[in-house]
Amino acid sequence: MDLGLAGRRALVTGAGKGIGRSTALALHAAGARVVAVSRTQADLDSLVHECPGIEPVCVDLGDWEATERALGGVGPVDLLVNNAAVAVLQPFLEVTKEACDRWAGCRSPGCVAGGGPRQARTNQDPTCHRSFDVNLRAVIQVSQIVARGLVARGTPGAIVHVSSQASQRALTNHTVYCSTKGAIDMLTKVMALELGPHKIRVNAVNPTVVMTPMGQVNWSDPQKAKAMLDRIPLGQFAEVEHVVDSILFLLSDRSGMTTGSTLPVDGGFLAA
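As the structure is a computational prediction, the values presented were derived from the model and not from experiment.

Peer 1: Outline helix H2 (residues 41-50), listing residues and values.
Peer 2: For H2, every residue scored as buried is listed here: Asp43, Leu44 and Leu47. Taken down its axis, H2 places every buried residue within 95° of arc, on the same side. Residues of H2 that are exposed and point more than 90 degrees away from the buried face comprise Ala42 and His49. Along its buried surface, H2 packs onto helix H1 (18-29), strand E2 (33-38) and strand E3 (55-58).

Quick look at the structure:
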């Protein structure tokens, strides 16, 4: 099925690893011109080596001014995937100001980041950025940059946020993460409402656990995995392509009457 993405320019954040990387590659394979954004130069280098047609942009999305400099002049963008995210996992009664402000680059226990869970570096790393900065504020900023360009050009477009099943179901130790993803779901609806008159569609995908390389590591413990799998009617975690296919559908004209939606890619988790 032709999704009609050929020739369109797409920007993907968190494109260095996991869902974001696979999305960038899939968009390129579909004929789109892809701008891949990541805070890790080595990831971008390997991505460009794998797919030379992709345009890399290395920037820390937790830094508002740096993001404005890097993306303010990125040029016309028709499609946007906001995938970059960070999660700090703590019990509610132990959540501290530092957890809410936890830097995405930190490598302390309980911190997962980027296009799939990855452990953090150190909470003293000055290059790191905060959970709310990346999960919410950066999504607003990057979406504004893209949407303003679309409005100025009078061009229709599509934006997809990568949210989570954690936006709609409470998960133990996920206080900050659930809160930021819940905010993303409502942001999706408000953006759809305000940008709809400009023919800009805005949707979100809400995956369950996704079997990225790090997802496979983090959910390799059978007992831990069983507790989550027992809540999923289909009895399995999502593969990366399940999420990517949903993103591409929502970006395409095949979903031309869909906006403001939060699409579960969860095997029925949210229905249970």
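Peer 1: I'd love a proper account of the packing of aromatic side chains, names of residues and values included.
Peer 2: One pass over the full model with this rule turns up one aromatic pair. Note that Lys224 overlies the ring of Trp219, its terminal NZ or CZ placed 4.6 Å from the centroid.

Peer 1: A description of the pairing of strand E8 (residues 200-207) should follow, citing residues and the corresponding values.
Peer 2: Among the eight residues in E8, eight count as buried, and that is most of the element. Covered by surrounding structure in E8 are Ile200, Val202, Ala204 and Asn206 together with Arg201, Asn203, Val205 and Pro207, the residues of both alternating faces. By the bridge criterion, six bridges tie strand E7 (residues 157-162) to E8 in an arrangement that is parallel. Bridge assignment links Ile159 to a residue of E8, and that residue is Val202. Across four bridges, the pairing between E8 and strand E9 (residues 262-265) is parallel. The residue of E9 that forms the bridge with Asn206 is Pro264.

What counts and how
- Residues numbered from 1 in each chain as written.
- Predicted model: local features only at pLDDT ≥ 70, side-chain atom pairs only at ≥ 80, totals over all residues.
- Heavy atoms only, no water.
- Buried < 20%, exposed > 50% of the residue type's maximum accessible area, 1.4 Å probe, protein only.
- Helix = DSSP H or I, 4+ residues; strand = E, 2+ residues; numbered from the N terminus.
- Arc of directions from axis to C-beta.
- Contact = heavy atoms within 4.5 Å.
- Phe/Tyr/Trp six-rings, centres within 6.5 Å; stacked < 30°, edge-to-face > 60°.
- Lys NZ or Arg CZ within 6 Å of the ring centre and 35° of its normal.
- Pairing = 2+ DSSP bridges.

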